[in-house]
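Single-letter residue listing:
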Amino acid sequence: MRVAIVGASGAVGRELLALLEERRFPLSQLRLFASPRSAGREVAFAGGRLVVEALPESGDLGADLVFSSAGGAVSRQHAWRWVERGAVVVDNTSAWRLDPRVPLVVPEVNPAALDGHAGVIANPNCSTIIALLALAPLHRAFGLTRATVATYQAVSGAGAEGIAELRRQSAEALAAEAAPSGEPGAYDARPEKFRHPIAFNLFSHDSEVLDDGYNEEERKLALESRKILEAPELAVSATCVRVPVFRAHAEAIHAEFARPVSEAEARAVLAAAPGVRLVDDRAANTFPMPVTASGQDDVLVGRLRADASRPGAIALFVAGDQVRKGAALNAVQIAEALVARAAVA
Ligand code: NAP
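A short tour of the structure in this document, coming up. (Residues numbered from 1 in each chain as written. Predicted model: local features only at pLDDT ≥ 70, side-chain atom pairs only at ≥ 80, totals over all residues. Heavy atoms only, no water.)

## Re the site of the ligand
(1) Moving on: In the vicinity of the ligand lie 26 residues, with S9, S35, R37, S38 and S156 positioned nearest.
(2) Moving on: A distance of 2.5 Å separates an oxygen atom of the ligand from a polar atom in the side chain of S9.
(3) Moving on: In the complex, 76% of the free accessible area of the ligand, which totals 900 Å², lies under the protein chains.
(4) Moving on: Among the elements of the structure, α1 (11–22) and α8 (324–340) are those that each provide at least two residues to the shell around the ligand.
(5) Moving on: Split by residue class, the shell around the ligand holds 11 nonpolar, 14 polar and 1 charged. (Near = heavy atom within 4 Å. Polar contact = N/O pair within 3.5 Å; in protein donor to acceptor, adjacent residues only side chain to side chain. Areas by Shrake-Rupley, 256 points an atom, 1.4 Å probe, with all protein chains shown as cover. Helix = DSSP H or I, 4+ residues; strand = E, 2+ residues; numbered from the N terminus. Nonpolar A, V, L, I, M, F, W, Y, C, P; charged D, E, K, R; others polar.)

## Regarding the nonpolar core
(1) Moving on: Counting residues in each nonpolar core, the largest one holds 58 residues, and the members touching the most others are V66 and L316.
(2) Moving on: Among the elements that make up this core, the one with the highest residue count is helix α3 (residues 126–142) (10 residues).
(3) Moving on: Shared between two domains, this core takes at least three residues from each, and those domains are domain 1 (2–124 + 327–340) and domain 2 (128–322).
(4) Moving on: In contact with L316, other than residues within four places in its own chain, are A134, E251, A252, I253, L270, V301, G302, R303, L304 and R305.
(5) Moving on: The next biggest cluster of nonpolar side chains, apart from the first, holds 32 residues, and it includes V52, L114, I121 and A327. (Core = buried A, V, L, I, M, F, W, Y, C linked by side-chain atoms within 4.5 Å. Buried < 20%, exposed > 50% of the residue type's maximum accessible area, 1.4 Å probe, protein only. Domains from an automatic or database assignment. Contact = heavy atoms within 4.5 Å.)

## Remarks on the pairing of strand β1 (residues 2–6)
(1) Moving on: The buried count for β1 comes to 4 of 5 residues, which makes it a mostly enclosed element.
(2) Moving on: Looking at chain direction, β1 and strand β2 (residues 29–34) are connected through 5 bridges and run parallel. Among the inter-strand pairings, V6 is bridged to a residue of β2, identified as F33.
(3) Moving on: Across 4 bridges, β1 lies against strand β5 (residues 65–68) in parallel orientation. Following the sheet pairing, V3 is matched in β5 by L65. (Pairing = 2+ DSSP bridges.)

## Digging into the packing of aromatic side chains
(1) Moving on: Per the counting criterion, the structure on display carries 4 aromatic pairs.
(2) Moving on: Relative to F257, the ring of F142 lies with its centre 5.8 Å away and its plane at 80°, an arrangement referred to as edge-to-face. Pair noted here: F142 is in helix α3 and F257 is in strand β11 (residues 249–257), with a separation of 115 residues, a long-range link. Of the two residues examined, F142 and F257, each falls in the buried class.
(3) Moving on: For R167, the ring lying beneath its charged end belongs to F246, and the centroid distance is 5.3 Å.
(4) Moving on: The lysine or arginine in question, R303, covers the ring of F287, its NZ or CZ lying 5.3 Å from the ring centre. (Phe/Tyr/Trp six-rings, centres within 6.5 Å; stacked < 30°, edge-to-face > 60°. Lys NZ or Arg CZ within 6 Å of the ring centre and 35° of its normal.)

## Describing the sheet that holds β11
(1) Moving on: On the basis of which strands lie adjacent, the open sheet formed by 7 strands has the order β9-β10-β8-β11-β14-β13-β12 and mixed pairing. Pairing within the sheet leaves two strands with one partner each, and these edge strands are β9 (203–204) and β12 (276–278).
(2) Moving on: Bridge count for β11 against strand β14 (residues 314–320) is 7 bridges, and the pairing is antiparallel. When the bridges of β14 are listed, H249 appears paired with G320.
(3) Moving on: Where α3 meets the sheet, it contacts β8 (144–153), β11, β12, β13 (299–306) and β14, and its direction lies at approximately 25° from that of β11.
(4) Moving on: Here helix α6 (residues 263–271) sits on the sheet and contacts β12, β13 and β14; the angle it forms with β13, its principal contact strand, is near 170°. (Axes fitted to C-alpha atoms, helices over the stretch in contact; angles between N-to-C directions.)

## Brief notes about the packing of α3 against α6
(1) Moving on: Running from N to C, α3 and α6 point in directions that differ by 120°, and their axes come no closer than 9 Å. Comparing the axis directions of α3 and α6 gives the class oblique. Once α3 is placed against α6, the crossing between them reads as right-handed. For the pair α3 and α6, the contacting residues are A134, P137, L138, A141 and F142 in the first and E265, A266, V269 and L270 in the second.
(2) Moving on: Considered class by class, the residues forming the contact of α3 with α6 number 8 nonpolar, no polar and 1 charged. (Parallel < 35°, antiparallel > 145°, perpendicular 65-115°, else oblique. Left-handed = near helix turned anticlockwise from the far one by under 90°.)

## Quick word on the pairing of strand β3 (residues 42–45)
(1) Moving on: Taken together, the 4 bridges between β3 and strand β4 (residues 48–54) define a ladder with antiparallel strand orientation. In the strand pairing of β4, E42 is matched with V51.
(2) Moving on: Between the end of β3 and the start of β4, which pair antiparallel, lie 2 residues, with A46 showing a positive phi angle near 50°.

## Describing α1
(1) Moving on: Across its 12 residues, α1 extends 17 Å between first and last C-alpha, which sits within 8% of the 16 Å expected from 1.5 Å per residue.
(2) Moving on: Every buried residue of α1 is listed here: A11, V12, G13, E15, L16, L17, L19 and L20.
(3) Moving on: In the core, the buried residues of α1 are packed alongside β1, β2, β3, β5, α4 (160–175) and α8.
(4) Moving on: Where α1 ends, the next residue or the one after it, R24, has phi of about 50°, a positive value. (Expected span 1.5 Å × (residues − 1).)

Here is the structure:
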């Protein structure tokens, strides 16, 4: 199978490359595309070297399978043209996620949604994937009716520039001895990628704030969860926050169900859930953390307890590597599922 990664020089694109090698994805050819800025750059792959190409305007990538990971504008412009040329597109961007023609897939949750796809398959938003690894099995067992979610999102969720900004500001702030006391005026953070300083700070998620006061990330979590779980009535309220963490998102979740659920029942379901690892050591006060979730395929789930404010509801805390399971790994798993169904030749 001839494979192309569009956005190969980005945070997700580089992880895709690593995962295709690590998981020995069955490919006969791999082509890497990015913007003209990266054209000509060499990248190591499977003991050899590949050269990054500028994405051709013609849309002809000579590929049977395209991982589209260069932002929504590129996917909106090109995804269906690649399909017309015979490719299946696994799209990491938000361009087509809510399109009724496009399955929105987390392989552990709704693999059957791949049946009869029209050529574009969407990878959900990273916070949505991480939340649903825990919520979907609970939904299947008990009927999820409401989820309130607070996220703590890593800078790599905003791509390579987000990582660079946290690194630069942290180094400069420490060198200026302005952090953590951070006297006003002692250090000029000069935000570029984000609107506000990210080192030694946190702020409401950097996506656009919509008319109802929720931001785009919060809206995605609600709408995408409903589509994936096929639960149009599901009530979701999210507060998404960017934190000065390099990698892996964490989320505090309160979940309510069609019937009262005990902690023991929820624990039994989550212990058997695919893609989930329980990390819930009260004695050692050790629970999911970005540093332990980073580089892991599984989403870590812990702080499992009965919600003291709502009898029969469950509170939990999750952490997942959003570059990996929240993006690249989920995309590769979708492609592996397609190969298993022989949907791509
Ligand atoms: P990134 O680090 O900023 O990388 C963007 C990639 O797209 C780079 O390879 C860039 O090439 C390329 N690109 C940008 N404009 C292009 C154009 N006009 N033509 C061709 N290539 C272009 O971003 P990322 O974090 O990898 O995210 C990629 C996509 O995945 C985004 O849609 C994002 O929303 C989504 N996503 C990201 C995450 C995450 O955790 N980061 C999680 C889920 C989904 P150059 O390097 O040459 O500029």
